[in-house]
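# Commentary on secondary and tertiary structure
Here are the chains, one letter per residue:
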2 protein chains.
Amino acid sequence: MATSAPDHLSPRRRPRQARAAATVDAIFEATIQLLVAEGMQRLNTTRVARRAGVSVGTMYQYFPHKQALIYALNERYLEVLAATIEDTCQTQEGAPLDLMIEALIDAYWRAKTERPEVTRALYRWVVEIDNEALITAFATRVDAATTAMLASAADARFAEVQAVNLTIVTVIFGTVHNAFERNLSQGAADELRRQLTCCADPTSERRQADEAAM
Amino acid sequence: MATSAPDHLSPRRRPRQARAAATVDAIFEATIQLLVAEGMQRLNTTRVARRAGVSVGTMYQYFPHKQALIYALNERYLEVLAATIEDTCQTQEGAPLDLMIEALIDAYWRAKTERPEVTRALYRWVVEIDNEALITAFATRVDAATTAMLASAADARFAEVQAVNLTIVTVIFGTVHNAFERNLSQGAADELRRQLTCCADPTSERRQADEAAM
DNA sequence: ACCTGAACACCGTTCAAGT
DNA sequence: ACCTGAACACCGTTCAAGT
């Protein structure tokens, strides 16, 4: 993730002095605030620069264009999310499968729900941008963490961890994303989450088949 | 869906004469082509108008602004998708549950995969737009169709169809969305789909609980 | 009722000049 | 090494004039 940004989207220059780092932070902060407060539509470079307390020119020293700024913002967000999931997976090493699943759902759900406005603002990101690299890097990292976790389950062995992992991760993340998009009521969300926890857990008649195949 | 577009996004004028209808169609077609060929970034009103063979002014007679154009495009897309799902659900009336689930997954999956570039282009839609109305209308319509279908299952009765329905729909749509986003290989996609078909089917120990609750 | 396109305003981006 | 902001270019949107 650290090095994967395509050339045309990577920062133009990295801050070397303290005041430069402060400048970049201020720009990020200003962007988030404006994004949350007024949406992508009203986000323009002039406003970002003004709120960050720098001139437009300064902004352009660090980000070659507006999209690179949004891209960097997302990069940061996914970085934190990936780290959270890696943590969760490590904590669950060797635990029973159902606890793993529950912890994973919990971690992802919480990450999305904690600051919904930010999540929403970034989801609603102008995705003209070539964000495939970002998504791929994120997916790779998450897959590694979850596969390792699943392989270590105390009460289950899988003939094809890769495939099982892919399903679990896609189902969980996809479902949460979609639930989020739907703006469910608290009650509905809770119920869905309860059912998802059952559903995503391959412990049931399906696992026996996998185990038999070993 | 037909009437739900918020004021600021609804068409400025509806075509009354034949040539006007042709104009609107040409504009839609041009927009899709440019979107698929060059992405949202390079989509500007001048280019759309030129490719559609009309002047910018004409475009603005039908769409109050660029976003309204994209909005209308999505409205069309969701209209077709919703109709497809309604069809599927009606066809499955009274069928066994596992066939229903399979048909639903199949319909949604196919719809997304048939013209991936278009799907992708619209997913990557500039979502600064207030598309909540669109999403809500779509969700309502789909929920009605799927709930009715599930309630008619030949081999299952649910104590709380609403809740079960919400889970099934969210899991399926979310998973497919996510799978799509990940750009899976054919093999991986097939395997995921197979497992999803099992996973989304509440026929298993979980159903008995529901039935007992009746 | 429908179409045209020059004119205007706004905003992304640059660059010559500063500390 | 870092910052400034006026100047430029591009593109969304309008409107007076046309059929």
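Quick look at the structure, then. As the structure is a prediction and not an experimental result, all values here were calculated from the model.

If you check the shell around DNA strand C, you find 22 residues, and the closest are A:Thr45, A:Tyr60, B:Arg13, B:Thr23 and B:Tyr62. Among the atoms of DNA strand C lying within 4 Å of the protein, the sugar-phosphate backbone contributes 72%. A distance of 2.5 Å separates a phosphate oxygen of DNA strand C from a polar atom in the side chain of B:Thr23. For DNA strand C, a phosphate oxygen lies 3.0 Å from a polar atom in the side chain of B:Thr58. When residues of the surface near DNA strand C are traced back to their parent elements, those giving at least two are helix H2 (45–52) and helix H3 (56–62) of chain A together with helix H1 (18–38) and helix H3 (56–62) of chain B. At 4 residues, the largest contribution of residues to the surface near DNA strand C is made by H3(B). Residue composition of the surface near DNA strand C, by class: 7 nonpolar, 9 polar and 6 charged.

Taken together, 22 residues are adjacent to DNA strand D, and A:Arg13, A:Thr23, A:Ser55, B:Thr45 and B:Tyr60 come closest. For DNA strand D, the fraction of atoms within 4 Å of the protein that belong to sugar or phosphate moieties is 73%. In the model, a phosphate oxygen of DNA strand D is placed 2.5 Å from a nitrogen or oxygen of the A:Thr23 side chain. In the environment of DNA strand D, a phosphate oxygen lies 3.0 Å from a nitrogen or oxygen atom belonging to the side chain of A:Thr58. Top element by residues in the surface near DNA strand D is H3(A). It accounts for 4 residues. Grouping the constituent residues of the surface near DNA strand D by class yields 7 nonpolar, 9 polar and 6 charged.

Cut-off values and rules
- Residue indices follow the written sequence of each chain, beginning from 1 at its first position.
- Both sets of labels track the order of writing: A upward for chains, 1 upward for ligands.
- Note on the predicted model: pLDDT of at least 70 is required for a residue's local features to be given, and 80 or more for side-chain atom pairs to be given and counted; whole-chain, interface and lining totals, by contrast, use all residues.
- Only hydrogens and water are removed before side-chain values are computed, so all heavy atoms of the structure are retained for them.
- Nearness here has a simple test: a residue counts as near a molecule or strand if at least one of its heavy atoms is within 4 Å of that partner.
- For this analysis, a polar contact is any N or O atom pair within 3.5 Å, provided that within protein one partner can donate a hydrogen and the other can accept it, and provided that sequence-adjacent residues contribute only side-chain to side-chain pairs.
- Counting from the N terminus, the helices are DSSP H or I runs at least four residues long and the strands are E runs at least two residues long.
- Under the grouping applied here, Gly and all other residues not named as nonpolar or charged are polar, the nonpolar ones being Ala, Val, Leu, Ile, Met, Phe, Trp, Tyr, Cys and Pro and the charged ones Asp, Glu, Lys and Arg.

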